[in-house]
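# Remarks on the overall topology
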Amino acid sequence: MQNIIGIDLGGTNIKAGLVSPSGKMIKKCEIPAEARKGTKTVINNIISSINNVKTGKISGIGVGSPGPMDIKKGVIANPVNLPFRNTPLRQIIQDRFKIKTYLDNDANCFALGEAIFGSGKKYENIVGITLGTGIGGGVIINKKIYHGRSNAAELGHMTIKFDGIKARSGNNGDIEEYAAARGITRIYDGKNNPYSIYKLAMKGNTKAKRAFETMGHYLGIELANLLYAFDPDIIVIGGKISNSWRFFSKSMNETIRKRYFAKPCPVVKSKLKDAGILGAAALVMANT
């Protein structure tokens, strides 16, 4: 198999990489998305990022993007942080480069990357969770992304408190209001950002450490629910907030053990570097 290009598309930056079939990063670049300048600018920046890493023969291009999207049509509907409105991004890239292109939700790509290259490569059924501004999720069944009708595994919008805080989704009590960035900020004081709270925790600040412990408890409730639903071989957690693993993993695991009726599967922190790019590249491998 020839090398692959993986694109990790975010609202702030676009990361692109030339990846070997074994998951080796041959070449990579990162450029601003410039989302405020509109759809055309972002698309041009995606094309520039591909040109920056494109070398030799390429077997395919994989793109991981925030949703929602129509997976079958390769159309991005209306993401929060990108100026796309029913944009046929897959076809645009494919027409530009004459290379088979695949598009999927970025959290699905993360989970697939873990299944192909990371902690889940020895397993068939994997759940991937990304902890960032919100919570993303992906479910891999028999090494394939589970899409449902199109937008399965929006795990950040699962309800853990039916009469809880009003969430961006319009629901009350979404898990991402209690864990990840917004959750940690709210639990601590409603003002400090997660990184500053992390730095305080590193210095031994009791209030900061308790904020992460509380967040871990809420996350454990979510993961126990996922164990009941999917009973996966392994759960892999990534995203920037996962760097605070030492402060939330104990309470998370304690909650899982208390709430799940059997022995839970391993829950581990992602070890993949450039997981978003590798996940997008894995998208090509899974479809060829």
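Below or above, wherever it landed, is the structure these notes cover.

The rules we used
- Along each chain, numbering runs from 1 in the same order as the chain's sequence is written.
- This being a predicted model, a pLDDT of at least 70 is required before a residue's local features are given, and a value of 80 or more before pairs of side-chain atoms are given or counted; all residues contribute to the totals for chains, interfaces and linings.
- Excluding hydrogens and water, the side-chain values take into account all heavy atoms of the structure.
- A helix here means a DSSP run of H or I that spans at least four residues, while a strand means a run of E at least two residues long, and both kinds are numbered starting from the N terminus.
- Atoms counted for the radius of gyration: C-alpha only. Globule rule: 2.2 Å times the number of residues to the power 0.38.
- The contact rule is simple, with two residues in contact once any of their heavy atoms fall within 4.5 Å.
- Counting rule applied: Lys, Arg positive; Asp, Glu negative; His and chain ends not counted.
- Here the site of a charge means atom NZ of a Lys, CZ of an Arg, CG of an Asp or CD of a Glu.
- Any Phe, Tyr or Trp ring, taking Trp's six-membered ring, that has another such ring centre within 6.5 Å forms a pair; planes under 30 degrees apart are called stacked, those over 60 apart edge-to-face, and the others tilted.
- Three exposure classes are used, based on accessible area relative to the maximum for each residue type with a 1.4 Å probe and protein chains only: buried under 20%, partly exposed in between, and exposed over 50%.
- Here, over-ring charges are defined by two tests on the NZ atom of lysine or the CZ atom of arginine: distance to the ring centre within 6 Å, and angle to the ring normal within 35 degrees.
- For salt bridges, the criterion is a side-chain nitrogen of Lys or Arg within 4 Å of an Asp or Glu carboxyl oxygen.
- Comment: arc refers to directions from the helix axis out to C-beta atoms.
- By the convention used here, strands pair only if DSSP detects at least 2 bridges between them.
- In this description, a nonpolar core means a group of buried Ala, Val, Leu, Ile, Met, Phe, Trp, Tyr and Cys residues linked to one another through side-chain atoms lying within 4.5 Å.

## Let's talk about the overall build of the chain
Regarding its fold elements, the chain presents eight helices and twelve strands. In summary, the chain has a C-alpha radius of gyration of 19 Å against a globular reference of 19 Å for 288 residues, a match within 12%. Overall, the C-alpha framework of the chain stretches about 55 × 40 × 35 Å when taken along its three principal axes. Contacts spanning at least 24 positions in sequence make up 61% of the contacts within the chain whose residues lie at least 6 apart. Side-chain charges of the chain comprise 42 positive and 21 negative groups, with the mean position of each set lying 5 Å from the other.

## Some remarks on the packing of aromatic side chains
Here the structure, examined in full by the defined rule, presents eight aromatic pairs. Look at tyrosine 228 and phenylalanine 261: their rings are 5.1 Å apart centre to centre, the planes differ by 70°, and that puts the pair in the edge-to-face class. One end of the pair, tyrosine 228, is in helix α6 (residues 206–230); the other, phenylalanine 261, is in the loop between α7 (245–259) and β12 (267–269), and 33 residues separate them in sequence. Residue tyrosine 228 is classed as partly exposed on the basis of its relative accessible area, which comes to 41%. Every member of this aromatic cluster is reached through a ring pair, and the members are Tyr195, Tyr198, Phe212 and Phe247. Over the face of the ring belonging to phenylalanine 97 we find arginine 96, whose NZ or CZ atom lies 5.0 Å from the ring centre. A cation over a ring is seen here: lysine 207 above tyrosine 188, with NZ or CZ 4.7 Å from the ring centre.

## Things to note about the side chain of aspartate 174
Note that aspartate 174 resides in the loop between β10 (144–145) and α4 (180–188). No salt bridge is formed by the buried aspartate 174, whose closest oppositely charged neighbour, arginine 182, lies at an N-O distance of 6.8 Å. In contact with aspartate 174, other than residues within four places in its own chain, are Gly156, His157, Met158, Thr159, Ile165, Ala167 and Ser169.

## Quick notes on helix α2 (residues 89–97)
Those residues of α2 lying buried are Leu89, Ile93, Gln94 and Phe97. In a view along the axis of α2, the buried residues occupy a sector of 125°, so they form one face of it. Considering only its buried residues, α2 is in contact with β1 (3–9), α1 (39–53), β4 (58–65), β6 (75–76) and β7 (101–105). Phi for lysine 98, located one or two positions after α2, is positive at around 55°.

## Some points on the pairing of strand β2 (residues 13–19)
Of all the seven residues making up β2, five are buried; the element is thus mostly covered by neighbouring parts of the structure. By the bridge criterion, six bridges tie β1 to β2 in an arrangement that is antiparallel. Following the sheet pairing, glycine 6 is matched in β2 by glycine 17. Hairpin geometry of β1 and β2 is characterised by an intervening segment of three residues between the two adjacent antiparallel strands. Sheet topology note: the β2/strand β3 (residues 25–32) ladder contains seven bridges and is antiparallel. Its bridge partner lying in β3, alanine 16 is registered against cysteine 29. Connecting β2 to the antiparallel partner β3 that follows it, the hairpin turn spans five residues, and glycine 23 within it adopts a positive phi of roughly 95°.

## Topic: the pattern of salt bridges
Counting across every chain of the model gives five salt bridges. The salt bridge partner of aspartate 163 is lysine 161, with a shortest N-O separation of 3.7 Å. With relative accessibility at 40%, the residue lysine 161 sits in the partly exposed group. Of the charged contacts, one joins arginine 182 and glutamate 176 as a salt bridge, the two residues approaching to 2.9 Å between their closest N and O atoms. Judged by relative accessible area, which is 2%, glutamate 176 ranks as buried. Through salt bridges with shared partners, a single ionic network connects Glu176, Glu177 and Arg182.

## What about the nonpolar core?
Among the nonpolar cores identified, the biggest contains 38 residues, and Ile129, Leu223 and Ile237 are the most heavily contacted of them. For this core, the elements supplying multiple residues, two or more each, are β8 (126–131), β9 (135–141), α4, α5 (194–202), α6, β11 (234–238) and α7. Aside from chain neighbours lying at most four places away, what touches isoleucine 129 is Phe110, Ile135, Gly136, Leu155, Leu223, Leu226, Ile235, Val236, Ile237 and Gly238. Of all hydrophobic cores here, the second largest spans 29 residues; its members include Ala33, Ile43, Val53 and Phe84.

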